[in-house]
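Structural characterization, general
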Amino acid sequence: MDFSFTPEEDRFRAEVRQFLSKELPSDWTFLEDEFADDHTRWQFVIEFKKKLAVKGWLTLSWPKEFGGVGASHLTQTIYNEELAYARAPGRDIFGTRMLGPVLMLYGTNDQQNQFLPPIASGEIQWCQGYSEPNSGSDLASVQLQAVDSGDHFILNGSKMWTSRAHVSDAIFLLARTNPSAPKHKGLSFLLCDLASSGISIEPIPNLAGMHYFNQVRFDDVKVPKGNLIGAKDEGWSVATALLDFERSGIEYSAEAAKTLEELTAFAKTEKRNGMLLSESESVRQSFASLYTQIEVSRLISYRIAWLQSTGAIPNKEASMGKLFGTELQQRIAVFGMQLLGLSGQLTSKSRWAPLEGLILKQYLLSFSTTIRGGTSEIQRNIIAQRGLGLPRK
Amino acid sequence: MYLDLTESQQMLRAAAKEFLASACPLQVVREFEEDPETHRSRLWDHLVELGWTGLVIPEQYGGLGGSFSDLVVLLEETGRALLPGSFFSNTVLFSLPLLAFSSPGQNDHLLEQLVSGEVKGTLAISEPSGSYHFSDVETRVSPSENGFMLTGTKMFVTDALISDYFLLAAVDSSSKDNPLGMFLVNSDAPGMEITGLETFTNDGQARIKLDSVCIPASHSLTQVSSGEAVLSKTLEWASVAKCAEMLGCAQAILELVIAYTKQREQFGRPIGTFQAIQHYCANMATDLEGARIVTYRAAWKISTGTTSEMESSVAKSWVSSIASRLVYLAHQSFGAIGFTQDHDLQLFTRRLKAGEIMFGDEFFHNSKIADFLGL
């Protein structure tokens, strides 16, 4: 085995790092969930994203024929690792990582020409319309209705937990086009302009008080037939295709590593009971254990990226990466709150909050990491059934 | 980056699997454990024939010149098969440090004898305190007529009763700079008293009492590096090598659980269809995925000769921490039958626990990691 990066990969990492230190304000402490919480901040995010687009980095992994760089999965992983470590905005998961590859695989030439360039340039913000009030882990049960009506579909129903819908321009979604077919067979994959008549978007503030999630209601919304991706009633295959986007989960360990470094600095200056926190053996043990887990998470991610670079489809490993990385983030958040003691209660608005209230934000947000993007239960099911061959019935 | 075994490593693994499946079924493991005296050297000649005793020794001594990563591949398989006997101690605890720290020409003949299997060696560092801290070494060394004289007590010396040589740590209290020395001691030297220890794997650990044991000056292994350097590197290699064994052992446990829960029926269906059992298995597999990648990363670091102490401690900390979790989940999946002596699971359970204890557990290595982190 060889765990080293090539000189080109190292150079690329240095370039990304340099770019981020130049372009990102030094006091940038915002987390993904609060990017869209404030108009000025979101404008900064969009502008930042456009700068990444100019570098070609937004579409680093896209094939050259679709205007991408055609970079390897490992290069893409390095990029995602550096952005996550810097907590930088601009990782366009919905547009570049999800919808883009779907269009490349299932879109017609016209659809590709129409929709791919604005994703690549960072002009159009997409959001994802999968979950509904009654469809969470059981995604194939979605009920949003799309009725065939000549040259368009008419949509009625609602999507829920739609991240950033309130600042997005368009939504890709799964809708039921054939209510009488078995649940996996009657879905279609549609693209919908959020400015369409009949759409209303309501905020769902999360427990950290941030506006990230929304409920998107559709009331007789018209979607042109040209916005159907793939065949009608075959949306399930489109949505669940084994798309070749980077899925190493490197951001979990990268974010965790950054937080652990900040906590280390805190522990080296804060005293409790007459000694530095960092001098307590129990504190040292916790730091070492979390450091070890971050290394485990990072190496699992590198292995996923490497497997992808060989053309393999690391389903089991990707589930392990998500499962382990998100549960690790929770453990770090809990440890961080322990370390901060009473001061852990202070929000980012308090001038006395240690680390600008970051740990509290991460703690409050940590409840969602093991739920969104496939719950830990779903990941464990995948590992056990697809990975280890345990029987479903 | 290349995160798979090389072609020659895959061949090594396949050959090891095949040999161990036929020569070392679990019945052999049980026989060793029940009567170590009779079986102690049972498989040795086969291992020599396969070239395993010379795997990491250069060709000039008759060995195969393999890397530390190659050794890790092999140890994963011996760990999976619970190979009993002194392969681990002889290779990892003796051959590796002897090779790395002998001065030119110092131990050429001994290295050849290790390859040919004529002699065996092991490491003697721990003492009644049961610790791996250098400062807990109390065995004394002092200059004697033609060399050194050693007095003290060593504990938990693996395979001491069948080893011809010990690589032994002792302190010279008169030396201010490098009080810790490492010495080659013959097992039949006058003044040595070796007594077997009753351990829960009956794996041939022993207590050695040294009463004014004299060795020649040429038997010091600190002519090139300091005693601390020899000992810390030896312990580091041992900890990563132990991770590899544990990895194989833990993988075997997971495979036992999967096979069992697929066929064991309760409430009219295989228990492997229950989400609770599936999630136990997913947890075990995820822990193991991490264990494998941190172990191979540490082995790669060691093989390339770069600074590796931190990575090695990360590996042993992680593999030790998952061992306890994994065996509890395995036993929970097996229910009552796994708790019996007749069932094979307990053979793996006890050895995985022993591995966790050897060469520093999670607590020991976390302490080292915290030091590295500047805490």
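Residues numbered from 1 in each chain as written. Chains lettered and ligands numbered in written order. Predicted model: local features only at pLDDT ≥ 70, side-chain atom pairs only at ≥ 80, totals over all residues. Heavy atoms only, no water.

**What to know about the environment of Leu 103 of chain A**
Residue and element names in this part refer to chain A. Relative to the assigned elements, Leu 103 resides in helix H4 (residues 93–106). The spacing of Leu 103 and Gln 76 is 27 residues in sequence and 19 Å in space, taken between C-alpha atoms. Those residues in contact with Leu 103 that sit more than four places away from it in its chain are Gln 112, Phe 115, Leu 116, Ile 119, Leu 191 and Ile 229. (Helix = DSSP H or I, 4+ residues; strand = E, 2+ residues; numbered from the N terminus. Contact = heavy atoms within 4.5 Å.)

**As for the domain arrangement of chain A**
Residue and element names in this part refer to chain A. For chain A, the assigned domains read domain 1 (7–91), domain 2 (126–243) and domain 3 (247–387). The gap between the C-alpha centroids of domain 1 and domain 3 is 21 Å. Each partner contributes residues to the interface: domain 1 has 15 residues there, and domain 3 has 22 residues. Joining domain 1 to domain 3, the criterion identifies five salt bridges. One salt bridge in this structure joins Glu 34 and Lys 361, with 2.7 Å as the shortest N-O distance. Linking domain 1 with domain 3 are eight residue pairs in polar contact (both at pLDDT 80 or more), by the criterion used here. Sorting elements by how many residues they give to the side of domain 1 that touches domain 3 places helix H3 (residues 73–85) first, with seven residues. (Domains from an automatic or database assignment. Salt bridge = Lys/Arg side-chain N within 4 Å of Asp/Glu carboxyl O. Polar contact = N/O pair within 3.5 Å; in protein donor to acceptor, adjacent residues only side chain to side chain.)

**Examining helix H9 (residues 275–304) of chain B**
Residue and element names in this part refer to chain B. Taking 1.5 Å of rise per residue, the 30 residues of H9 would be expected to cover 44 Å, and the 43 Å separating its terminal C-alpha atoms lies within 8% of that figure. Among the 30 residues of H9, 23 are classified as buried, and the element is accordingly described as predominantly covered. After H9 finishes, the residue Gly 305 shows a positive phi value of roughly 75 degrees. (Expected span 1.5 Å × (residues − 1). Buried < 20%, exposed > 50% of the residue type's maximum accessible area, 1.4 Å probe, protein only.)

**Some remarks on helix H11 (residues 376–387) of chain A**
Burial in H11 of chain A covers these residues: Ser 376, Gln 379, Arg 380, Asn 381, Ile 382, Ile 383 and Ala 384 of chain A. Buried residues along H11 of chain A sit against helix H9 (315–340) of chain A together with H9 of chain B. A positive phi of about 75 degrees marks Gly 389 of chain A, the residue just after H11 of chain A.

**Digging into the interface of chain A and chain B**
Contacts between the two partners involve 42 residues from chain A and, on the opposite side, 41 residues from chain B. Both faces considered, chain A and chain B share a buried interface measuring about 4200 Å² in area, 68% of it formed by carbon and sulfur atoms. Area buried by chain A at its contact with chain B is led by Met 1, Phe 3 and Trp 306 of chain A, which between them contribute 20% of it. Scanning the region where chain A abuts chain B turns up three salt bridges. Where chain A meets chain B, there are 19 residue pairs in polar contact (both at pLDDT 80 or more). Looking at the side of chain A that touches chain B, the elements with two or more residues in it are helix H7 (250–269), helix H8 (281–309), H9 and H11 of chain A. With 17 residues, the top contributor of residues to the side of chain A that touches chain B is H8 of chain A. Split by residue class, the side of chain A that touches chain B holds 20 nonpolar, ten polar and twelve charged. (Buried area = accessible area lost by both parts, 1.4 Å probe. Nonpolar A, V, L, I, M, F, W, Y, C, P; charged D, E, K, R; others polar.)

**Structural notes on the nonpolar core**
Of all hydrophobic cores here, the largest spans 174 residues; its most connected members are Leu 339 of chain A together with Phe 68 and Ile 253 of chain B. Here this core gets 19 residues from one element, more than from any other, and that element is helix H8 (residues 227–263) of chain B. In this structure Leu 339 of chain A touches Leu 263, Phe 266, Ala 267, Arg 272, Leu 277, Val 283 and Phe 287 of chain A, once residues within four positions along its chain are discounted. Of all hydrophobic cores here, the second largest spans 24 residues; its members include Phe 94, Ile 119, Leu 139 and Leu 187 of chain A. (Core = buried A, V, L, I, M, F, W, Y, C linked by side-chain atoms within 4.5 Å.)

**A few points about unusual backbone geometry**
One non-glycine residue with positive phi stands out, namely Leu 355 of chain A, at about 50 degrees. When its relative accessible area of 25% is taken as the criterion, Leu 355 of chain A is described as partly exposed.

**Concerning the pairing of strand S2 (residues 145–149) of chain A**
Residue and element names in this part refer to chain A. When S2 meets strand S3 (residues 152–159), the two strands line up antiparallel, connected through five bridges. Looking across to S3, one finds that Val 147 is bridged to Ile 154. Turn length for the S2-S3 hairpin, with the two strands adjacent in sequence and antiparallel, is two residues, and the turn residue Gly 150 shows positive phi of about 75 degrees. (Pairing = 2+ DSSP bridges.)

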